Amino acid sequence: MSGVRMLTVGADEGDQRLDRWLRKQFPNLTQGAIEKMCRKGELRVDGGRVTSATRVAEGQTVRVPPLPDVQQPAPPPSRLARSDEAMIQAAVMWKDEHIIVLNKPPGLASQGGSGQGDRHVDGLTPALMFGYKERPKLVHRLDQDTSGVLLLARTDRVARGLSEALRHRNVRKIYWAAVAGVPTPRAGTIRFGLVKEGGRGNEKMRAVHPREVEATPGAKRAVTEFATIENAGGRLSWVAMQLVTGRTHQLRAHMAEIGHPILGDGKYGGSAQENLGDGWGAGVGGDLSRKLHLHARTLIVEHPITKAMLTLTAPLPPHMKATWDYLGWNEKDAPLDPFENRE
């Protein structure tokens, strides 16, 4: 029997049923055992009694009573296509016995959705076990069309540590993008709140003035720092962005709100690169990819076990590298952390 555990619901783990959350932590735990723990008051959330259908929220503490030691079954044979196994393994930038770091390709979702089957990072984790008995766990996500640094934890302990760091913002997330026009000023902070526009399955976000966030149902405060690295005349700019908060589509919605949508972002107005008039896309669009030009370039985080600071940097995906080459932009011209000296 293992002892009492006090577990924290991590980033991106909230708003799901307690029983589903619990089975992700303990895959061999049966539904009957969960129901029994709830009835006896042994399973608690933030000290209160719960049912199996109670929905947990990010940051809550779940008390798990002693559980019987159950032999972990051998992992089933992989049913993944060999091409998918090769693709996700080729995306590994770095790994140790605790963490796996991917350079996620654009077009690959972090987690599953309708009609995606197993072809998403979470579904491909059997190919990333590398001799471990358990699949690695996502501790944060990237939008499907966003490429770049993605962290996975190889054990529950490490997953909790990384989730805690992300929840308390003890990380630096730096993104690169090609955007329409040239921001004025060239660097600054965007503080517009964000709220879903509505409609089933519609994730598009609407910006809300900071003064109106409290009075807007469903709106959440959002903060993005940006710095312009280079520009191609007045048509396009290479911008670095730092997430201070982490809302859905935050970077895309924020850059669109200040009039500089990200290249290739049809949802937020960045798909006009074939403009034949005098607009921002005139004269450059025919040779540029229509894919989203947004890349999670650098993640700076404390290793949850060794406590060493990790600086993880992902090279540009091919379509963005082609744009950088076409415009004469050199990756080496950008500082590793353009926001290092900001207050």
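Details of the structure are given in the entry above.
In this report, the structure presented in the accompanying data block is examined. (Residues numbered from 1 in each chain as written. Predicted model: local features only at pLDDT ≥ 70, side-chain atom pairs only at ≥ 80, totals over all residues. Heavy atoms only, no water.)

## A short note on the pairing of strand 11 (residues 171-180)
This is how the line gets drawn: In this scheme, a residue with accessible area under 20% of its type's maximum is buried, one over 50% is exposed, and one in between is partly exposed, where area comes from a 1.4 Å probe on protein chains only. In this text, helices come from DSSP runs of H or I with a minimum length of four residues, and strands from runs of E with a minimum of two, each type numbered from the N-terminal end. Pairing between strands requires that DSSP locate at least two bridges from one strand to the other.
Here strand 11 lies mainly inside the structure; nine of its 10 residues are buried. Across seven bridges, the pairing between strand 11 and strand 17 (residues 294-302) is antiparallel. Along strand 17, the bridge assignment pairs Tyr-175 with Ala-296. With seven bridges connecting them, strand 11 and strand 16 (residues 236-243) associate as antiparallel partners. Among the inter-strand pairings, Ala-178 is bridged to a residue of strand 16, identified as Trp-238.

## Topic: the pattern of salt bridges
What counts here: Here, a salt bridge means any Lys or Arg side-chain nitrogen found within 4 Å of an Asp or Glu carboxyl oxygen.
By the definition in use, this model includes 12 salt bridges. Here Lys-137 makes a salt bridge to Glu-134, at a shortest N to O gap of 3.2 Å. Residue Lys-137 is classed as buried on the basis of its relative accessible area of 17%. Residue classification places Glu-134 among the partly exposed residues on the basis of a relative accessible area of 31%. In this structure, Lys-307 and Glu-302 form a salt bridge, with 4.0 Å as the shortest nitrogen-oxygen distance. Here the residues in one salt-bridge network are Glu-134, Lys-137 and Asp-156, joined through shared partners.

## Some points on the nonpolar core
Convention followed: To qualify as a nonpolar core, a set must consist of buried Ala, Val, Leu, Ile, Met, Phe, Trp, Tyr and Cys residues joined through side-chain atoms within 4.5 Å. Domain start and stop points were drawn from an automatic or database domain assignment. Contacts are assigned to residue pairs with any non-hydrogen atoms lying within 4.5 Å of each other.
One finds Ile-88, Leu-102, Val-121, Tyr-175, Met-241, Ile-262 and Leu-294 to be the most contacted residues of the largest nonpolar core, which totals 28 residues. Listed by contribution, the elements that provide at least two residues to this core are strand 8 (99-104), strand 10 (147-153), strand 11, strand 16, helix 5 (250-257) and strand 17. Counting contributing residues, this core receives three or more from each of domain 2 (82-168) and domain 3 (171-327). With near-sequence residues (within four places) excluded, Ile-88 lies in contact with Leu-102, Leu-108, Val-121, Leu-124, Ala-127 and Leu-128.

## Re helix 6 (residues 318-327)
Condition: Note that the arc is computed from the directions linking the helix axis to the C-beta atoms.
Among the residues of helix 6, His-319, Met-320, Thr-323, Trp-324 and Leu-327 are the ones counted as buried. Axial view of helix 6: buried residues confined to an arc of 140°, hence all on one face.

## Concerning unusual backbone geometry
In this structure, the amide linkage connecting Thr-184 to the following residue, Pro-185, adopts the cis form with an omega of 0°. Of note, Pro-185 is situated in the loop between strand 11 and strand 12 (187-190). With phi around 50°, Asp-46 is a residue other than glycine that occupies positive phi space. Secondary-structure assignment places Asp-46 in the loop between strand 3 (44-45) and strand 4 (48-49). Phi at His-249 takes a positive value of approximately 55°, unusual for a residue other than glycine. Tracing the backbone shows His-249 in the loop between strand 16 and helix 5.

On their own, these measurements won't tell you what the molecule is for.
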